[in-house]
Amino acid sequence: MALDEVVTAGAPGALAFVRDESGSEGAASGFADREAGRELRPGDRFRIGSVTKTFVAAVVLQLVDEGVLRLDDTAENWVPGLLPGGEGITIRELLSHTSGLPDYVDDLPRSADPSWQPRDLIELALEDPQGAPRRFSYASTNYLVLQLVVEEAAGADLAEQLERRIFEPLGLEETSFEPGSLRGEQAHGYRPPSHAGVVTGRPVDVTDEPATWAWGAGAIVSTADDVARFFRALLEGEVVPPDLLEEMQALVPAGRNRYGLGLAVYPTPCGPAWGHTGNANGYITIAWNTRHAERQFVLMTNSYPLSPDLEAALRRAQISAFCGS
């Protein structure tokens, strides 16, 4: 079993959810809590990291549909004075990572500060030189700015908007926005010590760390089933209208991949996979779908960063499950 190989390669646990025309199935291997000996279950909750960005993009596009925002509005329209050159950065460019903003994640101290707010992290990013606008350069900073735009435009915080617009209508009962410490029971996240990007030891439990470094760029907690349900509804046109879904699916080159408005496309041996990936506080999540969600795959392993052996095992599990091989 591919998930067993991921655990053998060094992850405490791994879980997956697959859905196609024949039905859906969840599976898990290894531990949710290694120290307590609690086995991982297919329905366990976990931090989904940057998969959050697709949820936030959907909220932005709903506001566009309602006429509250326009994709060509500038950051300066909604958060005046926040960004140097904000009058030349549009909502579309923030969504597609073509704003030229630097990524604050590159400069984060090793330990999260529970008092961090989005504006603090944006200020941290702006200490670095900005890149060339209208070229793809992935930066979580874009989605912190979008969080502030959403809150200004809608008159309510992002957590409330996600709950009212996405979680409740789609019945995502196990999904929540949690930039602070995790609430309730979930799979534990583990971070191995590393040096210069090379894993040097056994993973350490970091579940209690807050995600106040992530906010609208990566602070959603969910399950594999809920994540798949969200992407199915989105790609079938139930979350944003067809014309705006087409905008989300209008792609720019992004290295080996391509990126739209909060949606990424990944090449696989059986065709393109639409969705997003993310990592946060010892979890890595992969959410892949065919363009219209006829086939879906969500995988989580609770260890990050990855050793070469674990990365290879994870890649094999992704391809096997998504391509049905």
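The coordinates are above.
Not measured: the values here are computed from a predicted model.

## Digging into the pattern of salt bridges
In this structure the tally under the stated criterion is 17 salt bridges. R45 is the partner of E178 in a salt bridge, and the nearest nitrogen-oxygen pair spans 3.2 Å. Highlighted residues: E178 in the loop between β5 (176-177) and β6 (190-191) and R45 in the loop between β3 (38-39) and β4 (46-47), separated in sequence by 133 residues. Across this residue pair, the class does not change: E178 and R45 are buried. Here D73 ties to R70 by a salt bridge, and the two come within 3.0 Å at their closest N and O atoms. Among the charged side chains, a salt-bridge network with shared partners connects R38, R41, D44 and E185.

## Re the state of the cysteines
Tallied over the entire structure, the rule returns one disulfide. One disulfide bridge connects C270 with C323, the sulfur atoms lying 2.1 Å from each other. Its S-S torsion of approximately -80 degrees makes the covalent link between C270 and C323 left-handed. On the criterion of sequence distance, the pair formed by C270 in the loop between β13 (264-266) and β14 (273-280) and C323 in helix α10 (residues 308-323) is long-range, its members being 53 residues apart.

## Re the sheet that holds β4
The three strands are arranged β4-β10-β5 in an open sheet whose pairing can be described as antiparallel. Each of the sheet's edge strands pairs with one partner strand only, and the pair in question is β4 and β5. Pairing of β5 with strand β10 (residues 220-222) involves two bridges; the strand directions are antiparallel. Bridging across to β10, F177 finds its partner in I220.

## Remarks on the packing of helix α5 (residues 118-125) against helix α6 (residues 141-154)
Contact geometry of α5 with α6 gives a least axis separation of 10 Å together with a crossing angle of 140 degrees. Looking at the two axes, α5 sits oblique to α6. The crossing of α5 and α6 is left-handed. Contacts between α5 and α6 involve P118, R119, L121, I122 and A125 on the former and, on the latter, T141, L144, V145, Q147 and L148. Grouping the amino acids of the contact of α5 with α6 by side-chain chemistry returns seven nonpolar, two polar and one charged.

## Thoughts on the packing of helix α2 (residues 52-65) against α6
The packing of two helices is summarised by the inter-axis angle and the distance between the axes. The interhelical angle for the contact between α2 and α6, taken along N-to-C directions, is 35 degrees, at an axis separation of 10 Å. At the point where α2 passes α6, the crossing takes the left-handed sense. Facing K53, V56, A57, V59, V60 and L63 of α2, the residues of α6 in contact are Y143, L146, V150 and A154. In terms of residue class, the contact of α2 with α6 is made up of nine nonpolar, no polar and one charged.

## Comments concerning the pairing of β14
Counting buried positions along β14 yields six of eight residues, so the element is predominantly enclosed. The pairing of β13 with β14 spans three bridges and is antiparallel. Each bridged residue has a counterpart across the sheet, and for Y266 the counterpart in β14 is A273. Taking the residues between adjacent antiparallel strands as the criterion, β13 and β14 are bridged by six residues, where G271 takes a positive phi near 115 degrees. Alignment of β14 against strand β15 (residues 283-289), held across seven bridges, turns out to be antiparallel. Each residue of the ladder has a partner; that of H276, found in β15, is A287. Linking β14 to β15, which pair antiparallel, is a turn of two residues; within it N281 sits at a positive phi near 50 degrees.

Rules used in this analysis
- Residues numbered from 1 in each chain as written.
- Predicted model: local features only at pLDDT ≥ 70, side-chain atom pairs only at ≥ 80, totals over all residues.
- Heavy atoms only, no water.
- Salt bridge = Lys/Arg side-chain N within 4 Å of Asp/Glu carboxyl O.
- Helix = DSSP H or I, 4+ residues; strand = E, 2+ residues; numbered from the N terminus.
- Buried < 20%, exposed > 50% of the residue type's maximum accessible area, 1.4 Å probe, protein only.
- Disulfide = S-S within 2.5 Å.
- Pairing = 2+ DSSP bridges.
- Axes fitted to C-alpha atoms, helices over the stretch in contact; angles between N-to-C directions.
- Parallel < 35°, antiparallel > 145°, perpendicular 65-115°, else oblique.
- Left-handed = near helix turned anticlockwise from the far one by under 90°.
- Contact = heavy atoms within 4.5 Å.
- Nonpolar A, V, L, I, M, F, W, Y, C, P; charged D, E, K, R; others polar.

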